[in-house]
Amino acid sequence: MEREVLKQRLADLAENEKAPAPIEDLLLSMLPYIGDYDPVLRDILIYRLAGNWVTEGMVPPAVMIQILEELLTERFLFKEEKYTRSFTTLWIAALLYQHRREAFLSAELTDRVYLVFLAYIKQETVGEGYDETYGWSHTLAHAADAIDELIQLPELSNDQRQQLVEEMINKMAFPYHILSHEEDERIAIAIHSALENGLSPDIVGCMVKEKTSEVIALLPEVTEANLRIRANFKQLIRSLYFCSSDYPSLNKTLHEGEQLFSGIYHKKSSF
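Residues numbered from 1 in each chain as written. Predicted model: local features only at pLDDT ≥ 70, side-chain atom pairs only at ≥ 80, totals over all residues. Heavy atoms only, no water.

1. Side note on the overall build of the protein
Broken down by element type, the protein carries 12 helices and two strands. In the protein, the succession of α and β elements from N to C terminus is α-α-α-α-α-α-β-β-α-α-α-α-α-α. Its C-alpha radius of gyration of 20 Å places the protein within 12% of the 18 Å reference for a compact globule of 271 residues. The principal-axis extents of the C-alpha atoms in the protein amount to approximately 70 × 40 × 30 Å. (Helix = DSSP H or I, 4+ residues; strand = E, 2+ residues; numbered from the N terminus. Rg over C-alpha atoms; globule rule 2.2 N^0.38 Å.)

Quick look at the structure:
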């Protein structure tokens, strides 16, 4: 469907709060534009409408499977253009949420989603959150939302949850940008979901402790990248501390890590 025609049709549907019939044809017409530079089309119309239709159970399982398989490809999740990658993860989050309610995905496909997200979170280097002209990119926060849904699937093993958590912890030692749009909170929420679904808090604590040591070891060398890594990872520790207050042993480790980063500021001045 031509872009402006699609935009007008979606605007009419949003205003009237009606779902199209047949819904699958329109959803497939929306896919090529999920990373459009127009934030109204991309975010307010395409993502919100599609997300609502999926999570309200209006999309047939066969169509959701078709869409998910397409989204996992280089044309979407691994596309060079950042807005497509970012909003692909939000679509996947909605599909995984609905799978938890309907159980329409095969074990093979959920395992593929897991493997694809392990690869994706390793390679994502865009850290911008919001642009006044183009709206949200928020690649890491949106990826965390999808991983949060993935972690909650009963099909996943604790070993798989551990791998996802480890990659998110490693990712927050992020050297490319200061992450200033609450990416740390979204990742902390996903880690908390792993804890609630059986991952040992002691394992998470060990991963945090190991990464803290690596990050602190960088700082004798003052570079912009090292300072970004320190600031971003310290924010994850703080967010995870407040998010996981129901896990005392982990909280103790997080507090100790924060003190290693920030204790110098709490000491009495010698001047």
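2. Describing the side chain of N232
Its place among the elements puts N232 in helix 11 (residues 224-243). According to the relative accessible area criterion, N232 is buried, its value standing at 2%. Within the structure, the side chain of N232 is placed 2.8 Å from the backbone oxygen of F174, a separation counted as a polar contact. If we skip the residues at most four places from it in the chain, N232 touches M172, F174, H177, I178 and L179. (Buried < 20%, exposed > 50% of the residue type's maximum accessible area, 1.4 Å probe, protein only. Polar contact = N/O pair within 3.5 Å; in protein donor to acceptor, adjacent residues only side chain to side chain. Contact = heavy atoms within 4.5 Å.)

3. A few points about the nonpolar core
With 79 residues, the main nonpolar core has L10, M30, W53, W91, V165 and V204 as its most contacted residues. Looking at this core element by element, the count peaks at eight residues for helix 6 (residues 107-123). (Core = buried A, V, L, I, M, F, W, Y, C linked by side-chain atoms within 4.5 Å.)

4. Section: the pattern of salt bridges
Applying the stated rule across the entire model yields 14 salt bridges. Here D38 makes a salt bridge to K7, at a shortest N to O gap of 2.5 Å. Remark: K7 occurs in helix 1 (residues 3-16) and D38 occurs in the loop between helix 2 (23-30) and helix 3 (39-55); sequence separation between them is 31 residues. A residue is classified by how much of its surface remains accessible, and D38, at 15% relative accessible area, is buried. With a relative accessible area of 23%, K7 lands in the partly exposed category. A salt bridge links E214 to K211; the shortest N-O distance between them is 3.1 Å. Taken together, the residues E214 and K211, both in helix 10 (residues 201-218) and three residues apart, mark about one turn of the helix. Connected via shared salt-bridge partners are R3, E4, K7, D36 and D38. (Salt bridge = Lys/Arg side-chain N within 4 Å of Asp/Glu carboxyl O.)

5. Thoughts on the environment of Y134
Among the secondary structure elements, Y134 is positioned in the loop between strand 1 (130-131) and strand 2 (135-136). For Y134, a relative accessible area of 37% puts it in the partly exposed group. Here the alpha-carbon distance between Y134 and Y83, two residues 51 residues apart in the chain, equals 9.3 Å.

6. Some words on the packing of aromatic side chains
Under the counting rule described, the total for this entry stands at 10 aromatic pairs. With a centroid separation of 5.7 Å and an interplanar angle of 85°, the aromatic rings of Y37 and Y83 are classed as edge-to-face. Pair noted here: Y37 is in the loop between helix 2 and helix 3 and Y83 is in helix 5 (residues 82-102), with a separation of 46 residues, a long-range link. Residue classification places Y37 among the partly exposed positions, given a relative accessible area of 49%. Ring-pair connections join several aromatic residues into one group, and the members of that group are Y37, Y83 and Y134. (Phe/Tyr/Trp six-rings, centres within 6.5 Å; stacked < 30°, edge-to-face > 60°.)

7. Digging into the environment of L28
One can find L28 in helix 2. Considering only alpha carbons, one finds L28 and E70, 42 residues apart in sequence, at a separation of 10 Å. Ignoring sequence-local partners within four residues, the contact set of L28 consists of Q66 and I67.

8. What about helix 4 (residues 61-71)?
V63, M64, I67, L68 and L71 are the residues of helix 4 that are buried. For helix 4, the buried positions fall inside an angular range of 135° around the axis, keeping them on one side. For helix 4, the elements touching its buried residues are helix 2, helix 3, helix 5 and helix 6. (Arc of directions from axis to C-beta.)

9. Comments concerning unusual backbone geometry
Residue P22 is reached from A21 by a cis peptide bond, and omega for that bond is 0°. Of note in this structure, H138 is not a glycine but carries a positive phi near 50°. Overall, H138 belongs to the buried group, its relative accessible area being 4%. Even without being glycine, E182 reaches a positive phi, approximately 65°. Mapping E182 onto the fold places it in the loop between helix 8 (158-171) and helix 9 (183-196).

10. Comments concerning the packing of helix 3 against helix 5
Between two packed helices, what matters for the description is the angle formed by their axes and the separation of those axes. The geometry of helix 3 relative to helix 5 is characterised by a closest axis approach of 9 Å and an angle of 15° between their N-to-C directions. Comparing their axes, helix 5 and helix 3 come out roughly parallel. The crossing of helix 3 and helix 5 is right-handed. Of helix 5, the residues touching helix 3 (which contributes R42, D43, I46, Y47, A50, G51, V54 and T55) are Y83, F87, L90, W91, A94, L95, Y97, Q98 and R101. Considered class by class, the residues forming the contact of helix 3 with helix 5 number 11 nonpolar, three polar and three charged. (Axes fitted to C-alpha atoms, helices over the stretch in contact; angles between N-to-C directions. Parallel < 35°, antiparallel > 145°, perpendicular 65-115°, else oblique. Left-handed = near helix turned anticlockwise from the far one by under 90°. Nonpolar A, V, L, I, M, F, W, Y, C, P; charged D, E, K, R; others polar.)

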